[in-house]
Structure formats: C-alpha cells, structure tokens
Amino acid sequence: SASPVSGWRSDLDWAALTSKLSPSASLIDTSYDNYKDECVPEFSEPSPTNHALIDQPSGMCLPHLYLGSEMSWPRPSENGHLNQTVAQAVTDILVDPSNLEGWVLDPTNPSLNLPYKVLFPSIASDVVAAVNFAKEHGLEISVKNSGHSYQGASSKKNTLLLNMNRYTH
C-alpha cells in the first residue's frame, strides 16, 4: 500500500505490535492515495453502495464521500471549521458545490480525516494487543465495523483504526 504521512508515528515500534498479532491479522500503512483510489470512484457511480466500499483493501472507505473530512465537510480548514458557519456549509454543499471536487481530491487538504495505520484484527487477542499498544504510546484508537457512522466517527486522522470487518471470534 501507499506510504503513510511522512513521519507519522515512525518513532513507534510497529513491529512490536505486529509480533503480538495473530497470523490472520494485518496492520497496514494507509494514505490519502488509498482513499482516492479505492473509495472516491464509487461515488461517481449513479447509485453508490456501501457494499462496493466495505471490502476495499485499505479498510478506509466510508458510506458517504464527505465523511473522509472533518465534520463531513471537505472545505479546507486548519481548525476543524470552528470559525465557519452552517450557512457556509449549506452554500458549499448545496448552493455552490463547484469547489467540492477539488477539495476532496486535494491530498494536502487539512480537513482530511483519515487514519494512516489500519489494523484488521481477527481474534480478541489482536484487539487487546492494539489497545495495549495504543495505551502504552498515547495513541487514540478509532473503530470501524461496517462504516455506517453518519458523522464519520469510524474514521479519524492520527489514530490507529481498528477495522473489525475481518474479525472472526
């Protein structure tokens, strides 16, 4: 897969986490390129479906395109849209959506809300290992099952995403 953001938690011993995982679990580096290549094309289909998104290799796809952005709003913002109004969001998304595609396709957009490490645990001990690793290193965890979180809570930047779609036990 594509390389993670340069230096994103490269100070951590990810191999130590991998060594504690079951053989069927996988920890992968992800990037905006995964989101753009695996997820964005589905939304140009006349009837996009979550079924086409849920099993993509990176585990990053969400049921709505804008959920890959903070507050489900792709307008570039350095502070999570704290200084922008609902009226601006309505204008951006409904009244004048001409900038939306450019914002969504900009890999440097500070509003992107995508993780750079995804773990597909398959058994309970994989989850325990990930939680312990995160606790030891002060990492936040995000959890995704089917990706049906309307507000995009199943994806968050600078987190270790536990994608539970391959969990068996």
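Residues numbered from 1 in each chain as written. Predicted model: local features only at pLDDT ≥ 70, side-chain atom pairs only at ≥ 80, totals over all residues. Heavy atoms only, no water.

The next subject is the overall build of the chain. Check the secondary structure of the chain and you find five helices and four strands. Computed over its C-alpha atoms, the radius of gyration of the chain comes to 16 Å, within 12% of the 15 Å expected for a compact globule of 169 residues. The principal-axis extent of the C-alpha atoms belonging to the chain is close to 50 × 35 × 25 Å. Across the 169 residues that make up the chain, the buried fraction comes to 43%. Across the chain, every contact between residues at least 6 apart in sequence was considered, and the portion connecting residues at least 24 apart equals 68%. Summing over all exposed atoms, the chain offers an accessible surface of approximately 8,800 Å²; the carbon and sulfur share of this is 55%. Taken together, the 10 basic and 18 acidic charged side chains of the chain have centroids lying 8 Å from each other. (Helix = DSSP H or I, 4+ residues; strand = E, 2+ residues; numbered from the N terminus. Rg over C-alpha atoms; globule rule 2.2 N^0.38 Å. Buried < 20%, exposed > 50% of the residue type's maximum accessible area, 1.4 Å probe, protein only. Contact = heavy atoms within 4.5 Å. Areas by Shrake-Rupley, 256 points an atom, 1.4 Å probe, with all protein chains shown as cover. Lys, Arg positive; Asp, Glu negative; His and termini not counted. Charge placed at Lys NZ, Arg CZ, Asp CG, Glu CD.)

Since the α-helix packs 3.6 residues into each turn, any two residues three or four apart lie on the same face. For helix α5 (residues 124-137), spanning 14 residues, the distance from its first C-alpha to its last is 20 Å, which sits close to the expected 20 Å at 1.5 Å a residue. Turning to α5, its buried residues are D126, A129, A130, F133 and A134. Projected down its long axis, α5 carries its buried residues within an arc of 130°, all on one side. Away from its buried face, by an angle of more than 90 degrees, α5 presents the exposed residues K135 and E136. Just downstream of α5 lies G138, where phi reads positive at about 65°. (Expected span 1.5 Å × (residues − 1). Arc of directions from axis to C-beta.)

Before going further, it helps to spend a moment on the pattern of salt bridges. According to the stated counting rule, one finds six salt bridges in the structure shown. The salt bridge partner of D37 is K36, with a shortest N-O separation of 3.7 Å. For D37, a relative accessible area of 52% gives the class exposed. A salt bridge links D92 to R75; the nearest nitrogen and oxygen atoms lie 2.6 Å apart. Here D92, found in helix α3 (residues 86-95), pairs with R75, found in the loop between α2 (32-39) and α3; they are 17 residues apart in sequence, far enough to count as distant. (Salt bridge = Lys/Arg side-chain N within 4 Å of Asp/Glu carboxyl O.)

On to the pairing of strand β2 (residues 117-120), then. If a strand is regular, its side chains alternate between the two faces of the sheet. Judged by which residues are buried, β2 turns out to be covered on both faces: K117 and L119 on one side and V118 and F120 on the other are all buried. Here four bridges tie strand β1 (residues 26-29) to β2, and the two strands are oriented antiparallel to one another. Bridge pairing in β2 places I28 opposite V118. Two elements, β2 and strand β4 (residues 159-163), share three bridges in a ladder whose sense is parallel. If you follow L119 over to β4, its bridge partner there is L162. (Pairing = 2+ DSSP bridges.)

Attention now moves to the sheet that holds β4. Read across the sheet, four strands follow the order β1-β2-β4-β3 without closing on themselves; strand pairing throughout is mixed. Of all strands in the sheet, those with a lone pairing partner are β1 and β3 (140-144), marking the two edges. Between one strand axis and the next, the sheet turns by 25° as a mean value, whatever way the strands run. Sheet topology note: the β3/β4 ladder contains five bridges and is parallel. Following the sheet pairing, V143 is matched in β4 by L162. (Axes fitted to C-alpha atoms, helices over the stretch in contact; angles between N-to-C directions.)

As a further point, take the environment of M60. Here M60 shows up in the loop between α2 and α3. Setting aside its immediate chain neighbours within four residues, M60 contacts T30, S31, N34, Y35, C39, L114, P115, V118 and K144.

This next bit is on unusual backbone geometry. Negative phi is the rule for most residues except glycine; trans is the rule for most peptide bonds. Backbone geometry at M71 places phi at a positive 55°, although glycine is not the residue there. Inspection of the secondary structure puts M71 in the loop between α2 and α3. Residue N158 is not a glycine yet carries a positive backbone phi of 60°. Turning to its location among the elements, N158 is positioned in the loop between β3 and β4.

It is worth stressing that arrangement in space is one thing and function is another; only the former is reported here.
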